[in-house]
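# Structural overview
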Amino acid sequence: MNIKRPEAGNYESFYREFDSPPMRQFRRDAYGEDIGQHSWVDANELRADIPRLGLSSSSRLLDLGCGPCGPLTFILANVGCHGVGLEQSPAALRIGRERAASLGIEALLSVQVADLNEPLPFEPHSFDAAISIDVILHLRDRQQFFREVASMLRPGGRFLATDAGVLTGDVSNEELRRRSVHGFTQFAAAGRNEQLLEAAGLRVIEIENRTTSALRNASGRLAALQAHPVQPGKQQEYLETVIELSRRGAMSRFMYLAEAREPCTT
Ligand SMILES: C[S@@+](CC[C@H](N)C(=O)[O-])C[C@H]1O[C@@H](n2cnc3c(N)ncnc32)[C@H](O)[C@@H]1O
């Protein structure tokens, strides 16, 4: 049988150096607290989100597009539950395992290389909760992805996702190009994610506009980049574009909290 290995993706070369001393310093300067994230989430936002997931120490949490497992290990260390991270970049998962070991929680973390554009590699209802932080704009069919997530959750299980690519105003083709430096990127119209979550069997229970966190953390990353030029390439132009689009309210970051519906018995 010909098993297709997922592409490592555009983040791979960047993740190889992710935990070097200059990169750690970069994240401390950019976010205030380095939790090993590579997204728009910061420690305070994540702390406030943990209760939304309804986890206990016996729960199983799935992180879809976990990157180097920063947010995932942060939650596991706080809750003491077990977590599974799926990600296309092997370099990110290696860093994630090292992070878990350094926190003394390696027994709580499992990771697997996977392409989220494909069916998820687990039995139905295997998880109590799932997260996907700033990932869905990279996926080709988010309707199919949300269906997969719904099938992975036990009835009543929570799914918390953020999307920093929601179109809430006018955006030029030049801005779209500068905002899409991390490979395949699809920007959703406002209202689209909640419609697709509901259609996938996930009842939306909370939506929050978190554009201010994208603006704050993009500004922090831009200032840190100017102090320590650790990230080569088009990062400056990318961060300036995120800042401009956020300020104008043209592109927004939203958090969606949804719950897997009970199966229909009639
Ligand atoms: C902005 S990063 C967020 C990482 C992590 N969630 C965090 O908050 O630190 C987006 C991640 O999605 C992953 N990704 C993008 N497309 C993917 C796919 N088709 N399958 C698996 N992972 C994917 C990238 O490799 C990257 O690590």
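In what follows, the structure referred to is the one given above.
Residues numbered from 1 in each chain as written. Predicted model: local features only at pLDDT ≥ 70, side-chain atom pairs only at ≥ 80, totals over all residues. Heavy atoms only, no water.

### What to know about the overall build of the protein
Stated formally: The numbering of helices and of strands both runs from the N terminus, where a helix is a DSSP run of H or I of at least 4 residues and a strand a run of E of at least 2. The quantity called the radius of gyration is restricted to C-alpha atoms. Its globule counterpart is 2.2 Å times the number of residues to the power 0.38. Relative accessibility thresholds used throughout: buried, under 20% of the residue-type maximum; exposed, over 50%; partly exposed, between the two (1.4 Å probe, protein chains only). Residues count as neighbours in contact if any of their non-hydrogen atoms are within 4.5 Å of one another. The Shrake-Rupley method, run with a 1.4 Å probe, gives the accessible areas here. Residue values count only the displayed protein chains as cover. By the counting rule applied here, Lys and Arg register as positive and Asp and Glu as negative, while His and the ends of each chain are not counted. Where a charge lies is defined by one atom per residue type: Lys uses NZ, Arg uses CZ, Asp uses CG and Glu uses CD.
Within the protein, the regular secondary structure consists of 10 helices and eight strands. Expected size for 266 residues packed as a compact globule is a radius of gyration near 18 Å; at 18 Å, the protein falls within 12% of this value. When burial is assessed residue by residue, the protein has 53% of its 266 residues classed as buried. In the protein, the proportion of contacts linking residues at least 24 apart, taken out of those at least 6 apart, comes to 78%. For the protein, the exposed surface amounts to about 11,900 Å²; the carbon and sulfur share of it is 49%. For the protein, the distance from the average position of its 30 positive side-chain charges to the average position of its 34 negative side-chain charges is 1 Å.

### A few points about the environment of N217
Counting through the fold element by element, N217 comes out in helix α9 (residues 211–227). Each C-alpha atom of the pair N217 and H182 lies 17 Å from the other, and the pair is 35 residues apart in sequence. Discounting chain neighbours no more than four positions away, the residues touching N217 are A30, Y31, W40, V41 and D42.

### A word on the site of the ligand
This is how the line gets drawn: Near, as used in this document, describes a residue that has one of its heavy atoms within 4 Å of the molecule or strand being considered. Polar contact is the term for a pair of N or O atoms within 3.5 Å; when the atoms are in protein, one must be able to donate a hydrogen and the other to accept it, and sequence-neighboring residues count only if both atoms are side-chain atoms. Classification convention: Asp, Glu, Lys, Arg as charged; Ala, Val, Leu, Ile, Met, Phe, Trp, Tyr, Cys, Pro as nonpolar; all other residues, Gly among them, as polar.
Close to the ligand lie 20 residues, the nearest being Y15, H38, S39, G65 and E87. D115 has a polar side-chain atom sitting 2.9 Å from a nitrogen atom of the ligand. Relative to its unbound accessible area of 590 Å², the ligand is 96% covered by the protein chains. Of the residues belonging to the shell around the ligand, the class tally is nine nonpolar, eight polar and three charged.

### Looking at unusual backbone geometry
Its identity is not glycine, yet C69 carries a phi of approximately 65°, on the positive side. Among the structural elements, C69 can be located in the loop between β1 (60–64) and α4 (70–79). One non-glycine residue, H125, lies in the positive phi region at around 60°. Examined against the element boundaries, H125 turns out to sit in the loop between β3 (109–113) and β4 (127–133).

### Regarding the pattern of salt bridges
The condition that has to hold: A pair is scored as a salt bridge if a Lys or Arg side-chain nitrogen falls within 4 Å of a carboxyl oxygen belonging to Asp or Glu.
Under the counting rule described, the total for this entry stands at 25 salt bridges. A salt bridge links R154 to D128; the nearest nitrogen and oxygen atoms lie 2.9 Å apart. Taken together, the positions of R154 in strand β5 (residues 153–167) and D128 in strand β4 put the pair 26 residues apart, joining distant regions of the chain. Here the salt bridges share partners, and the residues they tie into one network are E45, D49, R52, D134, E206, E208, R210 and R253.

### As for the pairing of β5
For a regular strand, side chains alternate in direction, first toward one face of the sheet and then toward the other. So the rule is basically this: Two strands qualify as a pair provided that DSSP identifies no fewer than 2 bridges between them. Crossovers are described as right-handed under a simple rule: with the strands pointing away from the observer, the path leading from the first strand over the helix to the second runs clockwise.
Where β4 lies against β5, six bridges are found, and the strand directions are parallel. Its bridge partner lying in β5, A129 is registered against R158. With helix α6 (residues 142–152) bridging β4 and the parallel β5, this β-α-β connection has right-handed handedness. As paired strands, β5 and strand β8 (residues 251–260) are joined by eight bridges and run antiparallel to one another. When the sheet's bridge partners are listed, L167 is paired in β8 with M251.

### Thoughts on the state of the cysteines
This is how it is decided: Counting rule for disulfides: a pair of cysteine sulfur atoms within 2.5 Å.
By the definition in use, this model includes zero disulfides. In this structure C66 is a free cysteine whose sulfur lies 3.9 Å from that of C69, the closest cysteine sulfur available. With no disulfide of its own, C81 lies 13 Å from the sulfur of C69, the closest cysteine sulfur. C81 sits in the buried class, given a relative accessible area of 0%.

### A short note on the environment of R248
By the element assignment, R248 lies in helix α10 (residues 235–248). Distance in space between the C-alpha atoms of R248 and D49 is 26 Å, their sequence separation being 199 residues.

### Details of α4
In terms of burial, α4 is a largely internal element, seven of the 10 residues being buried. Burial in α4 covers these residues: G70, P71, L72, T73, F74, I75 and L76. Tucked inside the fold, the buried residues of α4 contact α3 (43–49), β1, β2 (82–87), α5 (90–102), β3 and β4. Two residues or fewer past α4, G80 is found with a positive phi of approximately 80°.

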